[in-house]
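Structural overview for review
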Amino acid sequence: MKKMILLPITIFLLATLQAQQFTLVNLGVSKSRIIIPAKATVVEIQAAKVFQDYIHRISKADIPIESDNMKAGADEILIGNVNRRELKDVPFEKLIKDGFVIKNTGKNLLIAGGTGKGTLYGVYTFLQKYMGCRKYSSAVTYVPKKKTIILNSINDIEVPAFTYREDYYRDAVDPEYQVWHKLDSHGEKAANNSEWGSWVHTFGSLLNPKEYGESHPEYFSFYNGKRHPGGVASWDGTGVQPEAQLCLSNPDVLEIVCISLQSAIEKNPGALYWSVSQNDNVNYCRCPLCSEIDEKYASFTPG
């Protein structure tokens, strides 16, 4: 009796699994089309081209990219916020900027994301999680070889817990390494630089030694018996950086820093992040008032 019950269930499960399978490539040939919005964003176009390129690398199959103003059909790879009924169930409000959905309906493959780089992140996640691709460094990419690609059921959604992610070393500013690993960066060489107005070691730009060094040496660190308003060679030899920190007990210093920061924000209102932080040295101020504050509040003994 048990065998008679299990047999129909097994057949049903196998049929369900087969119904959810999506044949992306068969023996190096694909019947699919990559569909993007008629007015696709730069990110959606990039995501489609990345998908196309890597599937070709994996299988040698050529998949065309077409607009969603074409008549809908089967075997479509829907990239981005396309004009297709499958998009009605995508929770875009939850994806925010960088979240994404990857879904295999059995007839179509859908990769769509939020208003930022979500769709592109979704494509790279698909390549890594379901195609077996890897990006170990800016120079080392692993792409497996498969003549036939059959996808089983996929219904993934990912939303990052926080919006800013950075690995701060030189290899990580490679544009593809960044988007592959869902990183952002403050740097000019990065893929996304728009949200950062300033990034660390900003005392020197908010109160410039060249502007105030000679006229107001009292704005700068006192140690070894004198103020230090000058500059020294930068650690990488590309320029000059402030010799010391600011005298943070001087009320004029706070006023100037606030005015400079406000001016910078007004010039770049689109930036979200502004760093107000010490210069790249340990030459803090030892003037009587700063020393008194350090002695009272510091969690360590300066020296």
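Preceding this section is the structure that the text describes.
Below or above, wherever it landed, is the structure these notes cover. Source: prediction; values computed, not measured. (Residues numbered from 1 in each chain as written. Predicted model: local features only at pLDDT ≥ 70, side-chain atom pairs only at ≥ 80, totals over all residues. Heavy atoms only, no water.)

Attention shifts here to the side chain of aspartate 156. Within the secondary structure, aspartate 156 sits in strand S10 (residues 154–158). Assessed through its relative accessible area of 16%, aspartate 156 is described here as buried. Of note is the side chain of aspartate 156, whose polar atom sits 2.4 Å from the side chain of tyrosine 130. (Helix = DSSP H or I, 4+ residues; strand = E, 2+ residues; numbered from the N terminus. Buried < 20%, exposed > 50% of the residue type's maximum accessible area, 1.4 Å probe, protein only. Polar contact = N/O pair within 3.5 Å; in protein donor to acceptor, adjacent residues only side chain to side chain.)

Formed by 35 residues in total, the largest nonpolar core has its most connected members in Leu24, Phe51, Ile55, Ile79, Phe126, Leu127 and Met131. Filtering out sequence-adjacent residues up to four positions away, phenylalanine 126 remains in contact with Phe51, Ile55, Ile102, Leu109, Ile111, Met131, Leu151 and Ile154. Formed by ten residues, the second largest nonpolar core is a distinct cluster that contains Leu206, Leu207, Phe220 and Val253. (Core = buried A, V, L, I, M, F, W, Y, C linked by side-chain atoms within 4.5 Å. Contact = heavy atoms within 4.5 Å.)

Here strand S2 (residues 33–36) shows a buried face lined by Arg33 and Ile35 and a second buried face lined by Ile34 and Ile36. Bridge count between S2 and strand S4 (residues 76–79): three bridges; the pairing is parallel. When the sheet's bridge partners are listed, arginine 33 is paired in S4 with glutamate 76. With three bridges connecting them, S2 and strand S3 (residues 65–67) associate as parallel partners. Paired with isoleucine 34 across the bridge in S3 is isoleucine 65. Between the parallel pair S2 and S3, the chain is carried across by helix H2 (residues 42–59), and the sense of this crossover is right-handed. (Pairing = 2+ DSSP bridges. Right-handed = clockwise from strand over helix to strand, strands pointing away.)

Moving on, we get to the environment of asparagine 81. Tracing the backbone shows asparagine 81 in the loop between S4 and helix H3 (92–95). Among the residues examined, asparagine 81 registers a relative accessible area of 46% and is labelled partly exposed. Remark: the alpha-carbon pair of asparagine 81 and glycine 113, spanning 32 residues in sequence, is separated by 7.6 Å.

What follows concerns the pairing of strand S5 (residues 100–104). In regular strands, side chains alternate between the two faces of the sheet. Of all five residues making up S5, four are buried, and the element is well covered by its neighbours. Where S5 meets strand S6 (residues 108–113), five bridges bridge the pair, whose relative direction is antiparallel. Note on S6: the bridge partner recorded for phenylalanine 100 is glycine 113. A loop of three residues connects S5 with S6, the two strands running antiparallel in sequence, and glycine 106 in this loop sits at a positive phi of about 95°. Summarising the sheet, S5 and S10 pair through five bridges and their orientation is antiparallel. Bridged to asparagine 104 within S10 is isoleucine 154.

The residue serine 30 is located in the loop between strand S1 (22–25) and S2 in this model. Assessed through its relative accessible area of 15%, serine 30 is described here as buried. At 2.7 Å, the side chain of serine 30 and the backbone oxygen of leucine 24 are in polar contact. Polar side-chain contacts of serine 30 include one of 3.1 Å to the backbone nitrogen of serine 32.

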